[in-house]
Amino acid sequence: MRGGNTYWSGGLLRIAFNAARELERLLPEAAHTLPGFFDQVEPYTADDFWTDLRRVTEDRTDRDLASILIAHSYDTICWMHDHGGIPMEPAVTLAGIRVGNTMKWQKGAIVRAARQGVGLSQAWFAAAAKQGVEIRYATGATGLILDRQGRVSGVQVRGSDGAADITARAVVLGCGGFEANTQWRAQYLGAPWDYAKVRGTAYNQGDGLRMALAIGALPWGQWSGCHATPISNEWPTFADRERTDKSNRLSYPYGRILNRHGLRFVDEGEDLGLYTYAKYGGAILRQPGSLAWQIFDQKTVHLLEPRYRTSQPLTADTLEQLIKQLDLDDRPQALRTLQEFNAAACDPDHFDPSTKDGLATRGLLPNKSNWALRLDTPPFVAYSATGGITFTFGGVKINTNAQVIGTDWRPIPGLFACGEMVGGLFHFNYPGGTGLVSGAVFGRIADRSAA
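Residues numbered from 1 in each chain as written. Predicted model: local features only at pLDDT ≥ 70, side-chain atom pairs only at ≥ 80, totals over all residues. Heavy atoms only, no water.

**A few points about the overall build of the protein**
- Helix and strand counts for the protein come out as 12 helices and 19 strands.
- Here the C-alpha atoms of the protein give a radius of gyration of 23 Å, agreeing with the 22 Å that 2.2 N^0.38 yields for 451 residues.
- For the protein, the spread of C-alpha atoms along the three principal axes comes to 70 × 50 × 40 Å.
- Within the structure as shown, the protein displays about 19200 Å² of accessible surface, and the carbon and sulfur contribution to it stands at 49%.
- Across the protein, 46 positive and 46 negative side-chain charges occur, with their mean positions spaced 3 Å apart. (Helix = DSSP H or I, 4+ residues; strand = E, 2+ residues; numbered from the N terminus. Rg over C-alpha atoms; globule rule 2.2 N^0.38 Å. Areas by Shrake-Rupley, 256 points an atom, 1.4 Å probe, with all protein chains shown as cover. Lys, Arg positive; Asp, Glu negative; His and termini not counted. Charge placed at Lys NZ, Arg CZ, Asp CG, Glu CD.)

Spelled out as structure tokens, the structure:
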């Protein structure tokens, strides 16, 4: 069960770069496997990254941490590749969109770890083994040890052989958030988050946060916020380790989303999916029964991510027949909603799935801002969706050296944090691929500082 949430991730790595050819260091075979690859990739500058992060977090991102994240994103991922031995590949199934004979890319979402989160996790464990790092399995940390000077000098653990102390010159906490903890979700996120399906590991119970707060760490960031993505409603309460991240249902910008009352409740075309999915999972969870239906026709069904293949959709030759098959409380309203949408929708002449194309409805509530094509080409298909929680945004405050800050606003000697435990970076939403890069950037800084 090793690997934390990394194992379930799509492996996407959002990094800043000034020219497409800078990615050749990470993707040396891309030009051969995808002819014309570097001609289709747009630069993603530090300003682009900063603009996206400010926009999706409603300008609440911690500016100091965000600046470090962006400035170190490229060199950290290169370090992972060159010195950690982490293989990379183009993120074709996550961010590549085929338009005619051309593969187009969402800006910034180009590189991922080979074999996604599973490959990333396995590669890191192989690198650790090669360096002689000791890993203790079936051993949980239960508390931090302080010496008489107030310095963190180790951890208390509980394993199959009982309780013990492990002493050290420094401790780095990379324990994840509290997304798998039902009580904390109810306490900090509120209803109905206690019923959310968990997309990742069942072991992120907030243990690292609890240990840090117990010795006076300063809570930081949006403790009422989280990353929650639309996933198949057919999936279990805790993630399926065999199918990893394939629960995601992120192609909704090219379709329509209805709740059980037969109503649309979000602007499916507000932006490309990697900029809205982390908040739209929560929007679905707050709907009646925490259930929604994503509906497509044959004009866009070819654009669905491969992950949709893990479900068998409901299909019909008419919208009326499709609606009859869906688990809805108000089928007449659902049909009216789709008919009203079609009346307000656009012709497909300038449809471009790779960028915000401006094809918008008028007079609807909510309107669809882009990709607003009519549902008029059967057979029609529908996929169920609910909200799956990935990680929580609240954490502890760290400084630029990744030292954990105490409630007295001074660093706690000997204690460092990284990954989901870092509070302040993400609020309300996040740009896809930023989480893994944040973990790598601040993990590397924490380790250097601790050493």
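**Brief notes about the packing of helix 3 (residues 46–56) against helix 4 (residues 63–82)**
- At a minimum axis distance of 10 Å, the contact between helix 3 and helix 4 shows a crossing angle of 140°. Relative to helix 4, helix 3 is oriented oblique. Helix 3 and helix 4 meet at a crossing whose hand is right-handed. Along the contact surface, helix 3 presents Ala46, Phe49, Trp50, Leu53 and Arg54, while helix 4 presents Arg63, Ala66, Ser67, Leu69, Ile70 and Ser73.
- In terms of residue class, the contact of helix 3 with helix 4 is built from seven nonpolar, two polar and two charged. (Axes fitted to C-alpha atoms, helices over the stretch in contact; angles between N-to-C directions. Parallel < 35°, antiparallel > 145°, perpendicular 65-115°, else oblique. Left-handed = near helix turned anticlockwise from the far one by under 90°. Contact = heavy atoms within 4.5 Å. Nonpolar A, V, L, I, M, F, W, Y, C, P; charged D, E, K, R; others polar.)

**With respect to the nonpolar core**
- Residues Leu23, Phe37, Ile77, Met88, Ile398 and Phe442 are the most contacted members of the largest nonpolar core, which totals 105 residues.
- Not counting the four nearest positions on each side in its chain, Phe442 is found in contact with Leu65, Ile68, Leu69, Ile398, Ala402, Ala417, Cys418 and Leu425. (Core = buried A, V, L, I, M, F, W, Y, C linked by side-chain atoms within 4.5 Å. Buried < 20%, exposed > 50% of the residue type's maximum accessible area, 1.4 Å probe, protein only.)

**Quick word on helix 4**
- Helix length check: helix 4, at 20 residues, gives a terminal C-alpha distance of 29 Å against a target of 28 Å (1.5 Å per residue), a fit within 8%.
- The sharpest bend along helix 4 comes to roughly 55°, located at Ser73.
- When we look at burial in helix 4, the residues that qualify are Leu65, Ala66, Ile68, Leu69, Ile70, Ser73, Tyr74, Thr76, Ile77, Cys78 and Met80.
- On its buried side, helix 4 packs onto strand 1 (12–13), helix 3, strand 2 (88–90), helix 6 (116–130) and helix 12 (434–450). (Expected span 1.5 Å × (residues − 1). Bend = angle between axes of the 7 residues up to and from the residue.)

**Re the sheet that holds strand 2**
- The sheet built from three strands is open, its strands ordered 1-5-2 with antiparallel pairing. Only two strands of the sheet have a single neighbouring strand rather than two, namely strand 1 and strand 2.
- Sheet topology note: the strand 2/strand 5 (residues 111–113) ladder contains three bridges and is antiparallel. Bridge pairing links Met88 to Ala113 in strand 5. (Pairing = 2+ DSSP bridges.)

**Re the packing of aromatic side chains**
- Applying the stated criterion across every chain yields a total of 24 aromatic pairs.
- Taking the centre distance of 6.5 Å and the plane angle of 45° together, the rings of Trp184 and Trp223 count as tilted. Of this pair, Trp184 sits in helix 7 (residues 182–189) while Trp223 is found in the loop between strand 11 (219–220) and strand 12 (226–231), placing the two residues 39 residues apart along the sequence. As far as burial versus exposure is concerned, Trp184 and Trp223 are alike and both buried. (Phe/Tyr/Trp six-rings, centres within 6.5 Å; stacked < 30°, edge-to-face > 60°.)

**Some points on a nonpolar patch on the surface**
- Taken together, the side chains of Val133, Ile135 and Tyr137 make up a nonpolar region of the molecular surface, amounting to roughly 270 Å² of accessible area.
- Relative to the helices and strands, Ile135 is located in the loop between helix 6 and strand 6 (140–146). (Patch = residues over 30% accessible without salt bridge, like charges linked within 9 Å, V, L, I, M, F, W, Y side chains within 5 Å. Salt bridge = Lys/Arg side-chain N within 4 Å of Asp/Glu carboxyl O.)

**Quick notes on unusual backbone geometry**
- Across the junction of Leu365 and Pro366, the peptide omega takes the value 0°, indicating a cis bond.
- Within the element layout of this structure, Pro366 appears in the loop between helix 11 (331–344) and strand 16 (380–392).
- At the junction of Pro378 and Pro379, the peptide bond is cis and its omega measures out at 0° in the coordinates.
- On the secondary structure map, Pro379 appears in the loop between helix 11 and strand 16.
- Phi is positive for Arg115, close to 60°, though the residue is something other than glycine.
- Despite not being glycine, Gln116 shows a phi value in the positive range, around 55°.
- By the element assignment, Gln116 lies in helix 6.

**A closer look at the pairing of strand 16**
- The buried fraction of strand 16 is high, at 13 of 13 residues.
- When strand 14 (residues 292–296) meets strand 16, the two strands line up antiparallel, connected through five bridges. Bridge assignment links Phe296 to a residue of strand 16, and that residue is Val381.
- Two elements, strand 15 (residues 314–316) and strand 16, share three bridges in a ladder whose sense is antiparallel. Bridge pairing links Thr315 to Val381 in strand 16.

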